[in-house]
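Tertiary structure, described
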Amino acid sequence: MKETKKCFVGFSLSDQECMEAYLEEQAEQGWMLEKLGSMFWQFRRTESKKLRFAVLYFANADEYQPQPNETLNELYMFCEHDGWVPINNTGRIQIFCNEDTEATPIETDPAVKVELLNHMWKKSKGFGLWLALLTVLFQLGLDVWMIGNMPLNRLSNPYMVTVLWLEILIAVYATVVILQHAVWYRKARRKANEEQAVLPLPSGDWMFGVGWFLAMLAVISLRIFSVCRIHRGIVILLGTCLFICAIAFFLQYAIAHGKRKGISGRKNRGRSTGILVVSCVIYGLLFGFALVTLGDGGYLRSSEPIATRENDAVPFDIYRDKLPLTLEALWGENVNGEYSYEMRIDNSSFLLDYQTMVQQPCDPKSSLSSMNCSVVKVKKVWMYGICEQQLKKEMTHDYGEDAEEDFERLLAVDATAWNAKKVYRLCHGDDMRNEFLLCYDRCLVKIRFEEDAELTEKQMRIIGEVFGK
Amino acid sequence: MPRMKFQTLTEQMFYILLCLRQECYGLDILDKIPTMTEHRVKVGSGTLYTLLEQFREEGLIRETKVEGRRRSYLITDQGEELLKREYGRILAQVEDYQRFCGKE
C-alpha cells in the first residue's frame, strides 16, 4: 500500500473553507497532510480519524527567518491550549488539526479574520498585480506613442498587434481582480461589523492566474520574436526560461541555507534581494548581448542576401527577392545581375499589409536608376485615412510656419493615367521630383525613382496595372 | 486594523483589554474570558495572538515580562482610555434602549 501520495488541488490557497473541508475528508480516508504546495499537496498514510482542521493566515510570517521562531512558538503555545496541533508550517499559512470537533475555533473574531485575509491577499497577490498593471500600462503607453509615430510599421506587424491585445487583456484582468478585492474588502468589513460573519474571499481565480501567467509568457515571447527570427527567438526564449528556473532554485536554496544556519530574517532577506538584483543585471546584460548578436531585425528582414560586395571598403548586400514591380518592366532594361532586388519589409496583420521594397544598382557609382517603393494594402476602411496621412508625412518635411517658399509639398496631379483615385507628386519649390503617392481603393503606394526622365503614360499605366487591381 | 483603528471595539477586543487591567499572561486570557462571561464569550487562540500583537503595536498594552515562551502584558493609559470610551458607548446604548423601551 502506498505510504505517500501527491494530490492536485484545484482551489485557491485563499479559500480557507475549501482547504479545511478537503483536509477533513482526507483525514477520514486515512491521509494526513505532509507538505503544502500551491497546486500539489503531499499526504502521508495515517490512521483514519475524524479530525477538525483550521487554516490560519499568519500575518507576522517571515519567509526568511529560521523556523520555528519566537513569534510562531507563542502562537503554537496558544493553540495547543485549546487542543490545536500544528501540522504544517509554510510561513504565512499555518495549518492545525484538533481531535475535539467541538473545540473553540482558532479564529473567533470576524473583523480580525477579514483583516488577516486582506493582509494575506496584499502580500501574496496584491503587490504582484499592481506591479504587473503599472508595467503593462507603461508599456501600452509606449506602444500607443510608437503607433502614433510609426503606424504602418507597428500595425502591420502581427507580433506587435497580438502583443497589444494581450497587454490590454492583462491590464483588464489585473484591474478587475484589484477592484474585485477592493469591493470584497468593503463588503467583508461591513458584514463582520454588522453581522459578525465573514464573507469569503472570491475564489476560483487560480485558473485565471494560470491564464494570466501564460499571457505574460506569450507577451515576452512575442516581443523577443519581434526582433529576432523565430528560430533565434526560440533560443533566446528557452535560454530565458532556463535562467529563470536556475535563479528560482538557487534563491530557494540560498533562503533555506540561511534559515538552517540561523541567520536573522533581515540578513537573509537582504542576501536574497542582493542575489536577485545581481541576477537581473546579469540577465539584462546577457539578453542585450543575445539580441545584438542574434537579433537581425527579424520581422523587418524578410530574406537573406545572396552575396555581399565591397564598394570602397563598404559592404553592400545583394538581394534577389521577388518584387511586384521592377525597373525592367518600366524601362525595358536588361541589366540582370547588376541590380539588388530587396524586399525590406513584408508584414501582414488583420489591419493592413505593409511592404517596402528597393531596387538599386549593386555599384552606387553606376548611372543606373533605382526605385524605392512602399505599398500599403488597407484591410479596414477606417485605416485608410491614417495610412494616407502617414505616407504623406513620410514624403514631406514640416518646416513650420516660418518656412520659406522653397519647401517640400505634395501637389495633386492627374490620376487618369495611373488608374488611381488620387495621385500626388512631391515638389521642392518649383522642382518636380519623381516621387509619387498613388491612392487606389484599398491600396496606397509611395514610389520614388532616382531618375531624371519624366515617366511616360505607358509607364504610369504599367504601375497602375500592378497596384490598382 | 478594523473599526477605524479601534474607534469601536468588538466584544473580544473589549474583554481582552479588560483582562489586561491586571498583569496577566497571554495564555491565561484564554481561560479568564470564558470564566468572566460565564462561557458566553470565547476567544480563539489565533484571534488572541493577533489582537495581542496589534494592541502592542498600537500602544494599548505593553509587555511586562517574558518567561520562556510565556509573556505577560498589562494595559497602558492609552488602552485604559479606549476601554473607558467603549464602556461609555455601551452604557449610552443601554440607556437609549431603556429610554426607548420604557416609553413603549
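Right above here is the structure, for reference.
Everything quoted here is computed from the prediction, not taken from an experiment.

Remarks on the environment of threonine 308 of chain A
Residues and elements named next belong to chain A. Within the secondary structure, threonine 308 is located in strand S7 (residues 307–311). Linking threonine 308 and aspartate 346, residues 38 residues apart in sequence, is a C-alpha distance of 22 Å. Look past the residues within four positions of threonine 308 in its chain and what remains in contact with it is Pro315, Phe316 and Asp317. In this structure the side chain of threonine 308 is engaged in a polar contact, spanning 3.0 Å, whose partner is the side chain of aspartate 317.

Some thoughts on the pairing of strand S10 (residues 352–361) of chain A
Residues and elements named next belong to chain A. Taking burial as the measure, the ten residues of S10 include eight buried ones, the bulk of the element. As judged from the nine bridges shared by strand S9 (residues 339–348) and S10, these two strands associate in the antiparallel manner. By the bridge assignment for S10, glutamate 342 is matched with valine 358. Two elements, S10 and strand S11 (residues 371–378), share eight bridges in a ladder whose sense is antiparallel. In the strand pairing of S11, tyrosine 354 is matched with valine 376.

Concerning the sheet that holds strand S15 (residues 443–449) of chain A
Residue and element names in this part refer to chain A. Sheet architecture is open: seven strands sit in the order S9-S10-S11-S15-S14-S13-S12, paired in antiparallel fashion. The open sheet is flanked by S9 and strand S12 (408–413), the only strands paired with a single partner. The mean inter-strand angle of the sheet, taken between neighbouring strand axes irrespective of direction, is 20°. Across six bridges, the pairing between strand S13 (residues 422–428) and strand S14 (residues 431–439) is antiparallel. Looking at S14, one finds that lysine 422 is bridged to cysteine 439. The strands touched by helix H11 (residues 457–467) are S11, S14 and S15; relative to S15, the strand with the most contacts, the crossing angle is about 140°.

Examining the nonpolar core
If you look at the biggest cluster of nonpolar residues, it comprises 41 residues, and the most contacted ones within it are Ile16, Leu17, Leu20, Ile29 and Leu52 of chain B. For this core, the secondary structure elements donating two or more residues are strand S4 (52–57), helix H2 (70–81) and helix H3 (110–149) of chain A together with helix H2 (11–19), helix H3 (26–36), helix H4 (45–58), strand S3 (70–75) and helix H5 (77–103) of chain B. The contacts of leucine 20 of chain B, once residues within four sequence positions are left out, are Ile29, Leu52, Ile61, Tyr73, Leu74 and Ile75 of chain B. Membership of the second largest hydrophobic core comes to 35 residues, among which are Leu129, Ala171, Val378 and Leu444 of chain A.

Re H2 of chain B
When you tally the buried positions in H2 of chain B, you get seven out of nine residues, the bulk of the element. Restricting attention to buried positions, one finds in H2 of chain B the residues Gln12, Met13, Phe14, Tyr15, Ile16, Leu17 and Cys19 of chain B.

Focus: the sheet that holds strand S1 (residues 4–8) of chain A
Residues and elements named next belong to chain A. Strand order in the open sheet made by the three strands is S1-S3-S2, with antiparallel pairing throughout. This sheet does not close on itself; its edge strands, each paired only once, are S1 and strand S2 (31–35). Taken over all neighbouring pairs, the strand axes of this sheet differ in orientation by 40° on average, direction set aside. One ladder, built from four bridges, connects S2 with strand S3 (residues 40–45); its direction is antiparallel. By the bridge assignment for S3, leucine 33 is matched with phenylalanine 43. Here helix H1 (residues 16–28) sits on the sheet in contact with S1, S2 and S3, set at roughly 30° to S3.

Definitions and cut-offs
- Residues numbered from 1 in each chain as written.
- Chains lettered and ligands numbered in written order.
- Predicted model: local features only at pLDDT ≥ 70, side-chain atom pairs only at ≥ 80, totals over all residues.
- Heavy atoms only, no water.
- Helix = DSSP H or I, 4+ residues; strand = E, 2+ residues; numbered from the N terminus.
- Contact = heavy atoms within 4.5 Å.
- Polar contact = N/O pair within 3.5 Å; in protein donor to acceptor, adjacent residues only side chain to side chain.
- Buried < 20%, exposed > 50% of the residue type's maximum accessible area, 1.4 Å probe, protein only.
- Pairing = 2+ DSSP bridges.
- Axes fitted to C-alpha atoms, helices over the stretch in contact; angles between N-to-C directions.
- Core = buried A, V, L, I, M, F, W, Y, C linked by side-chain atoms within 4.5 Å.

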